[in-house]
Amino acid sequence: MACYGKCIETVIKQLDQFKPEKDSPEQFLETVSTSLQTLSPQKQAFILEILSGCLEYQKLLTIVVDAFYLRDGRLCLWADYSLFEVICYLAAFQLEELGLQLFRDIVKSQPVHKVCKFLRFFFNPLNLGSWIKDEWSLVYETAYVRENWIDPLMRWQPEVQELINQLQGPLTNQSPVSKTKAKVTEPKEFNLTAPRPRTIPVPEPVPEVAKTKPVPRSTYQPPKEQHLLEMTKRYNRWKAEELLLRANIEERRCAMSRARGAPPLQDSRKKLRRRFLPQILKTPKLTFYRSNDSAPVKLNTAAILREGALFQRQVEKELQRVDRLVDGAGDFSGFLEWQKKMQAKDQAEQLAAGQCRRLQGKLSHEEAVLARQQVVQEKKQKADRKKAETAELMQQCAERRLQEERSMKELVEQVMETQKNVKVAQTKLLKGRRQTVQEVIEESRELLQRSAEAAREEHRRRFELISQLRALETQPTRRDKLVDLTQIPGYGLEGEMSVVELRERLALLKETQQRKEEEKRDQIIQGKRAKSRELQNTVEQIALCRAAMGRSAALRWEEKKVQSAAQRAPSQDERVLELQRRIQKAAERRRQVALLHVSPPRAARPKPRAQLEARRRLELEESRERRLRALQRGGSACGPARRLGAT
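Everything numeric in this text was worked out from a predicted model, so none of it was measured.

Undergrad: Could you give me a rundown of the pattern of salt bridges, with the residues and numbers involved?
TA: Here the structure, examined in full by the defined rule, presents 11 salt bridges. Residue Arg505 is joined to Glu501 by a salt bridge in which the shortest nitrogen-to-oxygen separation is 3.1 Å. Taken as a pair, Arg505 and Glu501 lie in helix H15 (residues 499-566) at a separation of four residues, close to a single helical turn. Note on Glu501: relative accessible area 29%, which makes it partly exposed.

Structural data, given as structure tokens:
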């Protein structure tokens with residue numbers, strides 16, 4: 001049994017040293033056979049047979065062992081991986097040759113609980129008939145796997161199960177080693193005196209916080225500079241628009257370019273096209289200027305094409321409309337005049353309604369100011385009542401605090417008498433505790449010496465292991481291989497070639513690809529040039545259309561300006577007049593309430609800032625009322641004058 005154990009250990013050691021990425025199985029077996037010449041021929045043959053079988057069927061063995069580690073062997077060490085491979089090979093491929101008795105001896109020579117756990121997993125009928133058979137069939141043929149390996153294992157399964165039960169019987173019958181329980185120290189509480197209760201501190205008087213100044217209104221209002229800037233912007237814009245309109249209206253005839261010797265056109269379509277698209281100087285630029293500011297806008301290709309198509313559609317629609325008029329279609333000029341009148345009437349009603357809303361808002365503001373003054377008076381009364389209640393409560397708290405201080409003084413006197421008897425007992429306790437402390441210190445010193453000696457021994461053992469590992473790492477190993485680039489690998493494939501031939505072919509492919517890329521680049525450049533010509537033509541058409549549209553927009557803007565000047569006359573609506581009268585009454589009522597509720601000491605010392613603000617507000621209201629009266633008088637005077645002019 002000891003002989004089998006040593007042989008299995010040598011096989012496990014050699015399997016751990018085998019690396020399939022670097023070593024080939026034949027060379028590895030030769031090196032192992034040379035290293036085993038000191039052993040007897042029987043042992044050499046046994047070791048080499050098991051080692052060669054493990055290397056030959058390594059794929060099948062790794063499938064089973066990996067599944068064992070994933071399912072039942074989660075707590076097993078990965079250092080025993082080669083042991084499980086050897087046991088799996090012996091059980092799957094050598095069990096009939098070895099026999100059950102020899103297999104039992106080999107199993108007993110290894111750790112019994114590990115081997116039994118693996119054999120129970122491997123000889124499980126469910127595992128053999130399901131996934132082990134399927135995984136092995138992926139490597140070898142299904143019929144071969146079933147006849148030569150799975151069926152014999154299923155026949156040996158009952159006998160191997162009895163062997164596992166026999167081996168595990170002595171392990172379960174062993175009684176666990178009894179452990180002597182050490183005495184546990186029980187902590188005891190210290191007999192200390194209870195701390196004296198703390199006295200309740202006298203509450204500090206609440207400091208009176210000074211009233212903070214209110215946030216000025218200027219923080220929530222935009223600065224005056226911004227308003228002035230906006231006004232100057234509007235004025236400059238209005239002036240620029242007026243100059244543009246004057247320049248478009250007073251445009252000289254010399255600014256219009258016409259082809260020399262062009263015959264007059266008889267066709268109506270050509271006349272209209274000349275009217276709506278006047279001939280001007282062509283500007284082949286891709287930049288235009290906005291109507292709002294003088295910043296240039298650079299149009300891309302899509303924008304140019306889109307705008308050219310839009311102008312073309314507009315011209316076609318205008319031509320179709322003129323053709324329809326020529327053919328006898330109706331004119332909508334009467335309907336458009338009626339529509340303009342109705343729109344002007346609706347706009348006047350909207351202006352009157354907006355003025356009514358503003359006056360209603362002002363009226364609600366006056367009513368809110370009156371309500372706020374009433375709320376302030378109520379809050380002052382509540383604050384006075386609250387101050388009286390707090391003064392009474394503070395007096396009651398002071399009386400209760402004096403009574404508690406007297407009771408605390410009596411308790412302190414009683415505790416001082418009891419502490420005099422406690423000092424004698426404390427001295428006895430201190431002597432006993434000092435003796436126990438000295439004994440504990442001596443025991444801890446002995447334990448520290450023992451632990452230091454054990455740590456030195458462990459450090460020395462680790463140092464020896466590290467030196468051995470470093471000596472193994474310093475052994476030289478040859479890793480480089482000689483490669484001939486002109487030699488064909490010789491795997492038997494159709495397109496086999498050497499590395500040199502492959503490089504030449506790749507160079508030829510690269511040259512052809514570069515030639516194709518140059519041809520494609522020339523085609524792209526030609527296409528871009530044609531596209532740029534088309535874009536140039538569309539830009540010229542857009543410039544012509546924009547000039548015509550600018551003139552028509554200027555004329556429309558002049559008409560709108562005349563209409564808006566006619567509509568700026570003040571409205572004489574009854575609702576507006578009624579709301580103005582109500583606002584005046586509310587303002588007078590608010591002044592009377594403010595005079596009644598002002599207290600005499602505060603009236604003697606008025607704040608200059610509040611007085612100035614009130615005076616400014618009154619002046620603004622009076623100026624607004626004067627402006628409204630002037631507008632009303634001007635509207636009433638304009639009415640008879642208009643009637644006289646009409647007659």
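Undergrad: I'd like to hear about the nonpolar core, residue by residue, with values.
TA: Core analysis: the biggest nonpolar cluster contains 61 residues, and Phe122 and Trp136 have the highest contact counts within it. A per-element tally of this core places helix H5 (residues 81-93) first, with 11 residues. Ranked by size, the runner-up nonpolar core spans eight residues in total, among them Leu299, Ile304, Leu535 and Val539.

Undergrad: Explain the environment of Thr538 to me, and be specific about the residues and the numbers.
TA: Positionally, Thr538 belongs in helix H15. Among the residues examined, Thr538 registers a relative accessible area of 16% and is labelled buried. Counting along the chain gives 233 residues from Thr538 to Leu305, while the straight-line C-alpha distance between them is 6.7 Å. For Thr538, the residues in contact, after removing those within four places along its chain, are Ile304 and Leu305.

Undergrad: Residues and numbers for the packing of aromatic side chains, please.
TA: Counted by the stated rule, this structure contains 23 aromatic pairs. Each ring, one from Phe68 and one from Phe84, has its centre 5.1 Å from the other, and the planes form 70°; the classification is edge-to-face. One end of the pair, Phe68, is in helix H4 (residues 58-70); the other, Phe84, is in helix H5, with 16 residues separating them in the sequence. Exposure class is identical for Phe68 and Phe84. Each is buried. With a centroid separation of 5.3 Å and an interplanar angle of 85°, the aromatic rings of Phe68 and Phe118 are classed as edge-to-face. Within this pair, whereas Phe68 is found in helix H4, its partner Phe118 is found in helix H8 (residues 112-122), the two being separated by 50 residues in sequence.

Undergrad: Go over helix H9 (residues 125-139) with me, naming the residues and quoting the values.
TA: If you check H9, its first and last C-alpha atoms are 21 Å apart, about what 15 residues at 1.5 Å a residue would give, namely 21 Å. At Ile132, H9 shows its maximal kink, close to 40°. Regarding H9, the residues found buried are Asn127, Leu128, Trp131, Ile132, Trp136 and Ser137.

Undergrad: So, a nonpolar patch on the surface: which residues are in play, and what are the values?
TA: A surface patch of nonpolar side chains, amounting to about 410 Å² of accessible area, comprises Phe335, Leu336, Trp338 and Met342. Inspection of the secondary structure puts Met342 in helix H14 (residues 333-473).

Undergrad: Please give an account of a negative patch on the surface that cites residues and values.
TA: The grouping of Glu439, Glu442, Glu443 and Glu446 at the surface amounts to a negative patch. Inspection of the secondary structure puts Glu442 in helix H14. Residue Glu442 is classed as exposed on the basis of its relative accessible area, which comes to 51%.

Undergrad: So, the packing of H4 against H9: which residues are in play, and what are the values?
TA: Working note: a packed helix pair is described by the angle between its axes plus the distance between those axes. The contact between H4 and H9 brings their axes to 10 Å, and the two run at 150°. Between H4 and H9, the interaxial angle falls into the category roughly antiparallel. Relative to H9, H4 is oriented so that their crossing is right-handed. For the pair H4 and H9, contact is made by Lys59, Leu60, Ile63, Val64 and Ala67 and by Trp131, Glu135, Trp136 and Val139, respectively.

Undergrad: Could you give an account of the side chain of Glu85, naming the residues involved and the relevant values?
TA: Within the element layout of this structure, Glu85 appears in helix H5. Once you skip the residues sitting within four places of it in the chain, Glu85 turns out to touch Leu15, Cys54, Leu61, Thr62 and Val65.

Undergrad: Before we move on, could you go through the side chain of Arg401 and cite the residues and values that matter?
TA: Structurally, the position occupied by Arg401 is in helix H14. The side chain of Arg401 is buried and forms no salt bridge, while Glu405, the nearest opposite charge, is found at 6.1 Å. Residues contacting Arg401, with those up to four places away along its chain left out, are Val202 and Pro203.

The rules behind these values
- Residues numbered from 1 in each chain as written.
- Predicted model: local features only at pLDDT ≥ 70, side-chain atom pairs only at ≥ 80, totals over all residues.
- Heavy atoms only, no water.
- Salt bridge = Lys/Arg side-chain N within 4 Å of Asp/Glu carboxyl O.
- Helix = DSSP H or I, 4+ residues; strand = E, 2+ residues; numbered from the N terminus.
- Buried < 20%, exposed > 50% of the residue type's maximum accessible area, 1.4 Å probe, protein only.
- Core = buried A, V, L, I, M, F, W, Y, C linked by side-chain atoms within 4.5 Å.
- Contact = heavy atoms within 4.5 Å.
- Phe/Tyr/Trp six-rings, centres within 6.5 Å; stacked < 30°, edge-to-face > 60°.
- Expected span 1.5 Å × (residues − 1).
- Bend = angle between axes of the 7 residues up to and from the residue.
- Patch = residues over 30% accessible without salt bridge, like charges linked within 9 Å, V, L, I, M, F, W, Y side chains within 5 Å.
- Areas by Shrake-Rupley, 256 points an atom, 1.4 Å probe, with all protein chains shown as cover.
- Lys, Arg positive; Asp, Glu negative; His and termini not counted.
- Charge placed at Lys NZ, Arg CZ, Asp CG, Glu CD.
- Axes fitted to C-alpha atoms, helices over the stretch in contact; angles between N-to-C directions.
- Parallel < 35°, antiparallel > 145°, perpendicular 65-115°, else oblique.
- Left-handed = near helix turned anticlockwise from the far one by under 90°.

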